[in-house]
Every structure is written in structure tokens, then in C-alpha cells.
Amino acid sequence: PVIASIGYTPEDVAKLGPLVERAGVDGIEFSTHYVGFDPKPVAEVAKTLRESVEIPIFAKLSPHLPDIVPFAKAVEPYVDGIVAINTYGPTLHIDVETGKPLLGGRYGYGWLSGPALKPIAVRCVAEISKAVRVPVIGVGGILCGRDAVEHIMAGAYAVQICTGAILEGPGIYGRVAKEIEEFLREHGYDSLEDIRGMALKWLPEKPLRTVALAPEVDVERCTGCGICERACVYHAIEMVELADSRRKVAKTVVEKCYGCGLCVSICPTRARYFPEG
Ligand SMILES: Cc1cc2nc3c(=O)[nH]c(=O)nc-3n(C[C@H](O)[C@H](O)[C@H](O)COP(=O)(O)O)c2cc1C
Ligand code: SF4
Ligand code: SF4
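In this report, the structure presented in the accompanying data block is examined.

Conventions and cut-offs
Residues numbered from 1 in each chain as written. Chains lettered and ligands numbered in written order. Predicted model: local features only at pLDDT ≥ 70, side-chain atom pairs only at ≥ 80, totals over all residues. Heavy atoms only, no water. Disulfide = S-S within 2.5 Å. Pairing = 2+ DSSP bridges. Helix = DSSP H or I, 4+ residues; strand = E, 2+ residues; numbered from the N terminus. Axes fitted to C-alpha atoms, helices over the stretch in contact; angles between N-to-C directions. Contact = heavy atoms within 4.5 Å. Left-handed = near helix turned anticlockwise from the far one by under 90°. 1 Å grid on protein atoms, 1.4 Å probe; cavity = no way out; pocket = protein on both sides within 12 Å on 5 of 7 lines; lining within 4 Å. Points joined across faces, edges and corners; volume = space filled by probe spheres on them. Nonpolar A, V, L, I, M, F, W, Y, C, P; charged D, E, K, R; others polar.

This part is about the state of the cysteines. Applying the stated criterion across every chain, the model contains zero disulfides. Of the cysteine sulfurs around Cys-162, a residue in no disulfide, the closest is that of Cys-144, at 17 Å.

Another point: the sheet that holds strand E3 (residues 57–61). Judged by pairing direction, the sheet is parallel, and its six strands sit side by side in the order E1-E2-E3-E4-E9-E10 without closing on themselves. Edge positions in the open sheet fall to strand E1 (3–6) and strand E10 (158–160), since each of these has one partner strand only. Looking at each pair of strands side by side, their axes are set apart by 25° on average, direction ignored. Pairing of strand E2 (residues 27–31) with E3, which is carried by four bridges, proceeds in the parallel orientation. Along E3, the bridge assignment pairs Glu-29 with Phe-58. Running at roughly 155° to E2, helix H2 (residues 40–52) makes contact with E1, E2 and E3 of the sheet.

Our focus in this paragraph is the packing of helix H1 (residues 10–22) against H2. Packing of H1 against H2 brings their axes to within 9 Å, and their N-to-C directions diverge by 35°. Our pair here, H1 against H2, has a crossing hand that is right-handed. For the pair formed by H1 and H2, the contact residues are Pro-10, Val-13, Ala-14, Gly-17, Pro-18 and Glu-21 on the first element and Glu-44, Val-45, Thr-48, Leu-49 and Ser-52 on the second.

For the rest of this paragraph, the subject is empty space enclosed by the protein. Enumeration according to the criterion identifies three cavities of 30 Å³ or more in this entry. Computed from the structure, the largest cavity encloses a volume of approximately 100 Å³. Lining the largest cavity are 15 residues, with Cys-232, Ile-237, Cys-257, Cys-260 and Cys-263 sitting closest to its centre. Looking at the lining of the largest cavity residue by residue, the classes come out as eleven nonpolar, three polar and one charged. Put simply, the second largest cavity is a space of about 70 Å³.

All we've got here are geometric facts, nothing functional implied.
Here it is as C-alpha cells:
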């Protein structure tokens with residue numbers, strides 16, 4: 001199928017939508033490039049395009065930090081799917097040789113895409129997937145099959161690649177599709193349905209925690225490498241000897257721990273975990 005991508009205002013999409021529909025495309029993605037906090041302008045574009053064409057339409061959302069869900073819910077009644085996410089910005093990159101902004105935008109600013117965008121994109125895909133019933137299409141930082149799998153595990157029904165294709169050329173699409181197939185085969189999955197949204201069960205709705213919780217250590221998994229001890233800026237980790245084997249393992253000093261989670265993130269053997277799961 002051919003999907004046309006258009007924008008940005010209600011007037012624009014009312015004019016462009018019917019034109020690309022008559023040209024024979026199978027669907028239309030629209031973006032607004034709106035980065036404010038009010039979902040209404042984005043919903044207005046969705047509604048206008050819905051009333052202007054018959055073919056499926058998809059809303060492409062910007063990251064809308066900190067909460068993209070109200071935007072997804074606002075467009076959901078009008079669209080057949082949601083594409084997440086557009087670039088994040090504005091951002092600034094300075095050439096330290098000249099002291100000048102390096103990015104090509106008119107004011108020296110640019111918009112972030114590619115690998116640095118992926119964690120934001122995957123988070124948005126997961127949160128939208130939990131909140132709406134229409135399919136979500138993931139985009140942001142996909143350069144290989146495993147990146148695409150990450151989006152799919154966050155709930156994506158399909159993925160897009162932009163920066164990777166600019167850098168590598170159109171061959172990236174076939175390569176990534178092949179790598180996704182290889183991933184499924186190597187991990188014993190029969191189809192994408194086996195992995196779609198599989199991460200969502202680990203992201204339950206819960207109130208933001210405001211008290212420090214100290215991570216625990218699975219001593220069977222701990223190799224005693226000491227990485228967490230060196231990383232903890234609060235000196236809340238000590239290496240202690242296990243009584244039976246004299247093997248050294250990490251131990252959290254609960255009174256000093258701020259619950260920042262750094263040690264959980266960097267432990268190479270996943271030996272550290274928060275007791276809440
Ligand atoms: C050079 C460039 C131009 C882009 N132009 C558009 C655009 O016109 N409309 C749009 O919705 N997104 C546009 N994007 C955003 C991409 O479609 C995509 O959402 C974003 O770059 C994240 O995906 P990626 O990491 O695979 O690039 C553009 C991105 C780049 C890098
Ligand atoms: S980083 Fe992990 S494996 Fe290494 S000492 Fe800490 S808990 Fe043990
Ligand atoms: S959660 Fe943060 S403060 Fe607590 S032990 Fe780990 S790194 Fe240190």
C-alpha cells in the first residue's frame with residue numbers, strides 16, 4: 001500500500017487530503033508539528049481530514065512530553081491508527097571548533113531523530129498502546145531488527161524508518177524485515193503476535209512513587225563485579241562475603257539508598273531489582 005504523508009493545519013489537510021486520495025493512495029498520514037500542550041488543535045486537524053476523505057487516516061504525533069496520551073485520546077475518534085513519534089526539539093548542537101551552531105535549521109536549532117530518540121519513542125508507543133484501541137505505528141531510532149522488535153514489544157503494529165533510510169538508503173527496509181524474522185526464529189517465536197505488546201504487562205498503571213525504595217540483590221545472579229558499588233554516588237552499596245562460599249556479592253545499605261535505580265539499570269547480570277518488581 002502507498003500511504004501519503006501530509007500536514008499541517010485544518011485548511012491544509014482539507015485541501016491536500018482529497019487531492020492525494022484522488023491520486024490513488026491507500027491511506028493518509030498527517031502531522032501537525034504542533035508541540036504545545038493543548039490536544040485540541042491536533043484533534044481539529046484529525047476531524048477535518050476525517051471529514052474530507054474516505055480512505056484510512058493516521059495521526060502522526062510529536063513526542064508531546066511529558067504526557068502524549070491526551071493527544072492520542074483526542075485524535076482516536078477520527079483516525080484508523082496513530083504514528084508515534086515525530087522528531088523531538090528544538091535541540092541545539094554546537095561545533096566546538098567554531099563555536100557556531102552545527103544544525104541546519106534557520107535559527108541554528110534542529111530536531112532530534114535517530115537512535116537518541118528511540119527511548120522516548122518506545123515510551124510513547126507503550127503509553128499510547130495502553131490508552132487507545134486503534135493500532136499504533138512506531139517510529140524513532142530504528143536502525144536494526146532488534147530496534148523494531150523493541151517498538152513491537154511496546155505495542156506497535158508496524159514500524160517506520162526515516163533517519164536510518166536517509167543514512168543507509170532504501171535497502172534498510174529489507175534488512176530490518178529480515179532481522180526481525182531472524183529474531184523471531186532465534187527466540188522461538190512463531191509470529192509478531194507472540195511479542196506484540198509483551199512489555200506492557202511490566203508497565204502497570206501505578207501512582208508515581210515518592211519514597212525511596214532500596215533495590216535488592218539476587219545473590220545467585222551477582223558475580224561480584226563491583227560495577228554497582230562504583231556507580232552508586234550515595235555509597236549505598238557494599239561488597240560483602242557470603243558466609244558459605246566466601247564469594248563476594250553486592251549488598252544495599254538501605255539507610256543510605258536514594259532509590260535512584262542507577263545500579264538496577266547498569267548491573268550486567270540483572271542481579272539488582274526493585275522489590276516492587
Ligand atoms: C530530514 C528529516 C525530515 C523529516 N520530515 C518530516 C516531515 O515532513 N513530516 C513528518 O511527519 N515527519 C518528518 N520527519 C520525522 C520522521 O518521519 C520520524 O518521525 C523521525 O525522524 C523519527 O524517526 P527516525 O529516528 O527513524 O528518523 C523528518 C525526519 C528527518 C530526519
Ligand atoms: S553490578 Fe550486579 S553483578 Fe556486579 S556486583 Fe553489582 S549486583 Fe553484583
Ligand atoms: S538505587 Fe541508587 S542510591 Fe540506591 S543503591 Fe542503587 S545506585 Fe545507590
